[in-house]
Amino acid sequence: MSLTRSAPPTANPEPAHRRAAESAPKQRNWLHRFDNKRVPYLLISPFFLLFAIFGLFPIVFNGIVALRNWRLDDPTLTGWAGLANFEKLIHDEAFWNALGNTFGIFILATVPQLLIALMVANLLNRKLRGNTWWRVGVLLPYVTPVAASTLVFAVFFSRDNGMANWLLSLVGFGQDAPLDWRAYKWSSWIAIATMVNWKWIGYNALLYLSAMQSIPKDVYEAAAVDGAGPWRQLWRITVPMIQPVLIFTVVLSTIGGLQLFNEPMLFEENPAAASGGSNGQWQTIAQLIYKVGWKDLNLGYAAAMSWALFVIILIVAALNALATNRLGGGRR
Amino acid sequence: MTATAPRLKPRRRAEIGRAPQDTGGNWRTYIALVAVLALSAFPLYWMFVIATSTDEAVAQIPPSVVPGGEFVNNLREVFTLQQVYFAASLINSFIVAFVVTASTLFFCSLAGFAFAKLRFPGRDKLMIVVILTLTVPNQLGIVALYILMGKLGWNGTLLSVIAPFLVSAFGVFYMRQFIMHAVPDELIESARMDGALTMRVYWSIVLPAIRPALAVLGLLTFVATWNEFQWPLIQLNGTEFPTSMVALSDLASGNYVIYRRVLAGAFAATVPLLVLLVLGGRQIVRGIMEGAVKS
Amino acid sequence: MERFAKRGVALIAAGLAGSLVLAGCSGQDLEGGSDKAAEGQVTLKVNFWGDMGLDKLKAAYEKDHPNVKIVLNSGEYNAQHEDLQKKLVAGSGAPDISAVDEGFIVQFRGQSDKFVNLLDKGAASYESKYLPWKWQQSMSTDKKTQIGLGTDVGGLAMCYRSDLFKKAGLPTDRESVSKLWATWDDFIATGQKYTKATGKKFVDSGTNMFNPVLAQQPQGFYDESEQLQMEGGPKVAFDVAMKTIDAGLSANLASFQPNWDQGFKKDQFAVLACPAWMLGHIQDTAPDQKGKWDIATIPGGGGNWGGSWWTIPKQGKNADEAYKFVEWMVQPAQQIEVFKTVGNLPSQPALYKDPAVLDYKKEFMSNAPTGQIFASTAEGLKPQYLGKKNGPTRVAVENVITRVQQGSLKSNAAWPEAVKAAQKAATS
């Protein structure tokens, strides 16, 4: 591997020529023609090749699997199933339950996440002493493996001896009967949303911060005429100006939030169960896909669910982008 | 908190009209930031506290908030737990993250270079394809990918968790943006005049110029790969070749789950990334912030 | 920054070279790991759950067989069975030897073509040594393939904390305690006395009431034609669980989870339904409660909960060595050793008469004669038919019980939910 061998940049560049390579005399041998015509494709081909095999093909193939019987525990049961898997999906309470959970947690996790991130970005968008270190600091949750942090939160939210319940008891809640966070939808959603929020606030704050810093300064000067204070500045000037990044983060959180897997999975007292609570209180779609595919061993049905999830993500992402666009546009 | 503007004090008035990035942070800013940092760090800190405690300390109310002296003990338990393969899992995670990172850097900088500086028919359309693939959720093909790996005979091997991540659309995109700005056209053209072939240009001009971007993309890729959970879980659960994330979930789902042990393992699996954050924090911050502006 | 970047690239390059080599190696290892057998060196991977008392056996066997290395892989109960199923279908990755529990044996004996037929290895001679039903349970339906050799049976008794009983003013010796609860209703009444006296919960969870009571019924979840029969045994067991919860006796701890383990240490419950294999778990979880536990008879009389077999999946490349080890493990000396270390009761009735079992007193359990107690429960056992979907069905119904304990489902509305959940599991 000679990745490290760095030749010095070609010395003393000639005055710029117009597209020298293309107008080169024909005497150049076939090597150069090959270099010009084929090599660019060669350079991009690894990406497209690998993507085709491990990205595109599975997606197409997934469509086929979804239309077939494909069970790991009963390999003899094969053949086309037509739309049977999708039909099953429509009547499957577990699916609708998981869909509801996914959305519930998604909203609890996304809205505060982006709002708080905005405020943190606003804090960071000052002249600060040691500003790099503040930025690195807010990334702590981002680099922490989600498996590791979720396990901490799982202990944090445990019914007996959990720190969350201890904090609640300090302010007078649940002294006689501690809250079982895993028992109810609302409490388990809050617990999981807390984990998601914790992980992504810093990351989003940096995205916002970077957009904020590229806002031309004179915009703020112009706004001085209104006598806008810092808060008004944030909402009236900054937010509309960083709208593209806002949309970007909304789309990102949508794609991520609707595929939520790690947190619900490891929040379980027994993570091997993948059931999202005793009654699927917090089972998300991604978790259900895992359970159906690799615990119930019904890959065909799991494939159908993946498709449904994809369609849902598309719709929601589009709606979100639209709504954010409107909102931002209206503010301006 | 609502955006009610109180009567402005004279000093504050002076700040109006100045861009926030020119305004110095006051004590309130710092207090708020310290609070943000404390909340960010707390779960990590508490992970460490439990990882260093005895069973009794873990179960006690009010919870203990100072580290105990059992870290080495707990860690030893994790590493000697035969069925979890914890030590091996750390090595596996390193292997997977290294291979994926190196491959991503190499292939994505090649493709990024082609998209940024070379002219060929269909270039812009292909670039749009790359950007579109960015939005495809990886859940979508997961079942078929599993079947594919089975046909390749890779199920349950490290190859199965490496292969799908060898390139990333984000990497290509990021490299393209960086190379467009960081490598002057003139430099490339003059090299061409001297008869340098494309690969020569890549090695001698592009690579040296994009080192900072390689560092950024490398760090981000390493972190993301290390933390990958769902796919490795599907592939490697129950094998002797887990990644550290899979080993962690194993540690948390046996019949004898002991919190101090689980979190000692969690801490051990987090440390490498904390080291990276300390060494390369600047680059990671930069990578995230640059990624944002350009998309 | 520049410097870091340079170093970073160098580091990554070096790492790439190194890790490609490593990745190559480990890839190969997976394919060719068993080639080592050619040199006479054999590694046997053994999958099971909990503590089956294998640590000592492993050491002893490896000492006598220097060419054999045994890797013990204890996982979570349900996960181990699901994983085995997955690997059987995938055609690779299964362990050389896998324990299979009673709750899953029907599922696996239906796939007898994926297991080594132990009759081919000479296991037929063991038939007469086993409890007849234990031998039959792991036979394929056509009676031509034996997929497993029995390890233990889970004869039922009731463990109790004599120290806590004393504090509550209840009798503490085995005979008197056994007399407290001839029936489950008596048991619940005793629990109420205990709870009234101490303000503490009596049992660990409703699911650990449900399972033993179900085990005592003539019929479990399924009849022999694989039809779900919820109104029989399951209903009886479910009602007992509901009564226990309604009486406020349950500490609502999920079994085998961290809070349950902590519950032991914090005296959150005073009794625990004890199949023989539970003793190992108690002493592993709460080693300092030595002498505080004792064993009485279980209400309702007898019953079997759990018990396992050693099976050898066909895909393993060391079937002969694996069989040798399995055969060795089920010999009387080893069975007695396991019985003494963790309490698992052998499934070969001759051992029940063996003085080593009969006269054995378990020091940890206040010197209770565990051999006598469990042997007497095991011999009168009538086995229950457990359907192919028994495992998932049990999990589904346990989840409903958990919901009642968590308070998100009323106990009087729970039965229809349990039926629904079971039906779903039966058809999934």
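Residues numbered from 1 in each chain as written. Chains lettered and ligands numbered in written order. Predicted model: local features only at pLDDT ≥ 70, side-chain atom pairs only at ≥ 80, totals over all residues.

Visitor: I keep staring at the overall build of chain B and nothing clicks. Help me out?
Guide: Broken down by element type, chain B carries 15 helices and 0 strands. Over its C-alpha atoms chain B spans a radius of gyration of 24 Å, topping by over 25% the 19 Å that the globule rule assigns to 295 residues. Along the first, second and third principal axes, the C-alpha atoms of chain B reach 75 × 75 × 35 Å. Across the 295 residues that make up chain B, the buried fraction comes to 56%. (Helix = DSSP H or I, 4+ residues; strand = E, 2+ residues; numbered from the N terminus. Rg over C-alpha atoms; globule rule 2.2 N^0.38 Å. Buried ≥ 20, exposed ≤ 12 C-beta atoms within 10 Å, placed from the backbone.)

Visitor: For this particular structure, what's the right way to read the overall build of chain C?
Guide: When its secondary structure is counted, chain C shows 18 helices and 10 strands. With the principal axes as the frame, chain C shows a C-alpha extent of 70 × 70 × 45 Å. A buried classification covers 52% of the 428 residues belonging to chain C. The long-range share in chain C, meaning contacts at least 24 apart out of those at least 6 apart in sequence, stands at 76%. (Contact = placed C-beta atoms within 7 Å.)

Visitor: Where do I start with the sheet that holds strand E4 (residues 148–150) of chain C in this structure?
Guide: Backbone hydrogen bonds hold the strands of a sheet together, and the pairing may be parallel or antiparallel. All names here are of chain C. Across the sheet, which stays open at both edges, the 5 strands sit in the order E2-E1-E3-E9-E4 with mixed pairing between neighbours. A strand with exactly one partner marks an edge of an open sheet, and here the two such strands are strand E2 (68–75) and E4. Each neighbouring strand pair of the sheet contributes to a mean axis angle of 25°, computed without reference to strand direction. Sheet topology note: the strand E1 (residues 42–49)/E2 ladder contains 8 bridges and is parallel. Across the sheet, Trp-49 pairs through a bridge with Gly-75, a residue of E2. Sheet strands in contact with helix H3 (residues 77–90) are E1, E2 and strand E3 (97–101), and its direction is about 130° off that of E1. (Pairing = 2+ DSSP bridges. Axes fitted to C-alpha atoms, helices over the stretch in contact; angles between N-to-C directions.)

Visitor: How do you make sense of the nonpolar core when you look at a structure like this?
Guide: Within soluble globular proteins, side chains that are nonpolar generally end up buried alongside one another. Counting 192 residues, the largest nonpolar core has Leu-151 and Tyr-208 of chain A together with Leu-263 of chain B as the members making the most contacts within it. Among the elements that line this core, the one with the most residues is helix H5 (residues 86–117) of chain B, at 18 residues. Grouped together as the second largest cluster of nonpolar side chains are 111 residues, Ala-322, Met-329, Tyr-360 and Ala-414 of chain C included. (Core = buried A, V, L, I, M, F, W, Y, C linked by C-beta atoms within 7 Å.)

Visitor: How do you make sense of the confidence of the model for chain C when you look at a structure like this?
Guide: A low pLDDT score tells you not to read the predicted coordinates there in detail. Residues and elements named next belong to chain C. Of the residues in chain C, 91% reach a pLDDT of 70 or more, and the chain-wide mean stands at 86. Here residues 1–38 is modelled with pLDDT under 50, and outside its nearest four sequence neighbours on either side it reaches 51 contacts, counting other chains as well. In the model output, the complex is listed with pTM 0.83 alongside ipTM 0.86. (pLDDT = per-residue confidence, 0-100.)

Visitor: Just checking my understanding: could you explain the environment of Phe-115 of chain C for this structure?
Guide: Residue and element names in this part refer to chain C. Within the secondary structure, Phe-115 is located in the loop between helix H4 (102–109) and helix H5 (132–137). What makes Phe-115 buried here is the crowd of 26 C-beta atoms within 10 Å. In the structure, Phe-115 is positioned 76 residues away from Gly-191 in sequence and 46 Å away in space, judged by C-alpha atoms.

Visitor: Teacher, can you tell me more about the sheet that holds strand E7 (residues 271–275) of chain C here?
Guide: All names here are of chain C. The 3 strands are arranged E7-E6-E8 in an open sheet whose pairing can be described as antiparallel. Each having just a single partner strand, E7 and strand E8 (293–296) make up the two edges of the open sheet. Between one strand axis and the next, the sheet turns by 35° as a mean value, whatever way the strands run. Pairing geometry for strand E6 (residues 156–161) and E8, over 4 bridges, is antiparallel. Bridging from a neighbouring strand, Tyr-160 pairs with Asp-294 of E8. Sheet contacts for helix H16 (residues 370–379): E6 and E8; angle to E6, the most-contacted strand, approximately 145°.

Visitor: Please clarify how the pairing of E7 of chain C should be interpreted in this entry.
Guide: In the case of a regular strand, side chains alternate between the two sheet surfaces. Within E7 of chain C, 5 of the 5 residues are buried, which leaves the element mostly enclosed by the surrounding structure. Side chains of E7 of chain C alternate between two faces, with Val-271, Ala-273 and Pro-275 of chain C and Leu-272 and Cys-274 of chain C buried alike.

Visitor: Help me out: how do you make sense of the interface of chain B and chain A in this one?
Guide: Quite often, the size of an interface is put as the accessible area lost when its parts meet. Contact with chain B, which involves 100 residues of that partner, is made by 101 residues of chain A. Per element, the largest residue contribution to the side of chain B that touches chain A is 17 residues, and it comes from helix H15 (residues 259–294) of chain B.

Visitor: Whenever I open this one, the packing of helix H4 (residues 93–124) of chain A against helix H12 (residues 243–258) of chain A confuses me. Can you help?
Guide: Residue and element names in this part refer to chain A. Viewed as axis vectors pointing N to C, H4 and H12 meet at an angle of 145°, and their least axial separation amounts to 10 Å. Crossing geometry of H4 relative to H12 is assigned as right-handed. Residue-level contacts link Thr-102, Phe-106, Ala-109, Thr-110, Gln-113 and Leu-114 of H4 to Thr-249, Val-250, Ser-253, Gly-257 and Leu-258 of H12. When the residues that make up the contact of H4 with H12 are grouped by side-chain class, the tally is 5 nonpolar, 6 polar and no charged. (Left-handed = near helix turned anticlockwise from the far one by under 90°. Nonpolar A, V, L, I, M, F, W, Y, C, P; charged D, E, K, R; others polar.)

Visitor: I would appreciate a short explanation of unusual backbone geometry in the present structure.
Guide: Phi is mostly negative for residues that are not glycine, and the peptide bonds are mostly trans. Residues and elements named next belong to chain C. Despite not being glycine, Phe-256 has its phi angle at roughly 65°, a positive value. When you line up the elements, Phe-256 lands in the loop between helix H10 (233–246) and helix H11 (258–265). For Ser-366, which is not glycine, the phi torsion reads 55° and is therefore positive. Structurally, the position occupied by Ser-366 is in the loop between helix H15 (355–358) and H16. For Ser-366, a count of 18 C-beta atoms within 10 Å gives the class partly exposed.

Visitor: Where do I start with helix H8 (residues 184–198) of chain C in this structure?
Guide: Along an α-helix, a turn takes 3.6 residues, which lines up residues three or four apart on a common side. Residues and elements named next belong to chain C. With 15 residues, H8 extends 21 Å from end C-alpha to end C-alpha; this agrees with the ideal 21 Å at 1.5 Å per step. Buried residues of H8: Trp-184, Phe-187, Ile-188, Thr-190, Gly-191 and Tyr-194, and no others. Buried residues of H8, viewed axially, fall in a sector of 160°; they line one side. Phi for Gly-199, located one or two positions after H8, is positive at around 75°. (Expected span 1.5 Å × (residues − 1). Arc of directions from axis to C-beta.)

Visitor: Honestly, the environment of Gln-315 of chain C in this entry has me stumped. Any pointers?
Guide: Residue and element names in this part refer to chain C. In this structure, Gln-315 sits in the loop between strand E9 (308–311) and helix H13 (319–329). Counting along the chain gives 259 residues from Gln-315 to Lys-56, while the straight-line C-alpha distance between them is 27 Å. Those residues within four positions of Gln-315 in sequence are excluded, and the remaining contacts are Gly-91, Ser-92 and Ala-94.

Visitor: Quick question: what am I supposed to make of helix H9 (residues 169–182) of chain B here?
Guide: Residues and elements named next belong to chain B. Here H9 spans 20 Å end to end across 14 residues, near enough to the 20 Å set by a 1.5 Å rise per residue. For H9, the tally of buried residues reaches 10 of 14 residues, placing the bulk of the element in the interior. Within H9, the full set of buried residues consists of Ala-169, Phe-170, Gly-171, Val-172, Phe-173, Tyr-174, Met-175, Arg-176, Phe-178 and Ile-179.

Visitor: Honestly, the confidence of the model for chain B in this entry has me stumped. Any pointers?
Guide: All names here are of chain B. Per-residue confidence for chain B gives a mean pLDDT of 86; residues scoring 70 or more make up 91%. Mean pLDDT per element in chain B: helix H1 (residues 10–15) is the minimum at 49, and H5 is the maximum at 95. The low-confidence segment residues 1–11, where pLDDT is below 50, has 8 contacts with residues more than four positions distant or belonging to other chains.

Visitor: It is not clear to me how the packing of helix H7 (residues 146–156) of chain A against helix H14 (residues 244–251) of chain B should be interpreted in this structure. Could you clarify?
Guide: In a packed pair of helices, the relevant descriptors are the angle between the two axes and the axis-to-axis distance. Running from N to C, H7 of chain A and H14 of chain B cross one another at 20°; their axes reach a closest spacing of 9 Å. With respect to each other, H7 of chain A and H14 of chain B are oriented roughly parallel. Note that H7 of chain A runs across H14 of chain B; the crossing there is left-handed. Seen from H7 of chain A, the contacting residues are Ala-147, Ala-148 and Leu-151 of chain A; seen from H14 of chain B, they are Met-245, Leu-248 and Ser-249 of chain B. Residues belonging to the contact of H7 of chain A with H14 of chain B are distributed by class as follows: 5 nonpolar, 1 polar and no charged. (Parallel < 35°, antiparallel > 145°, perpendicular 65-115°, else oblique.)

Visitor: What exactly am I supposed to notice about the environment of Leu-234 of chain A here?
Guide: Residues and elements named next belong to chain A. Tracing the backbone shows Leu-234 in helix H11 (residues 230–241). What makes Leu-234 partly exposed here is the crowd of 19 C-beta atoms within 10 Å. For Leu-234, the residues in contact, after removing those within four places along its chain, are Asn-122 and Val-239.

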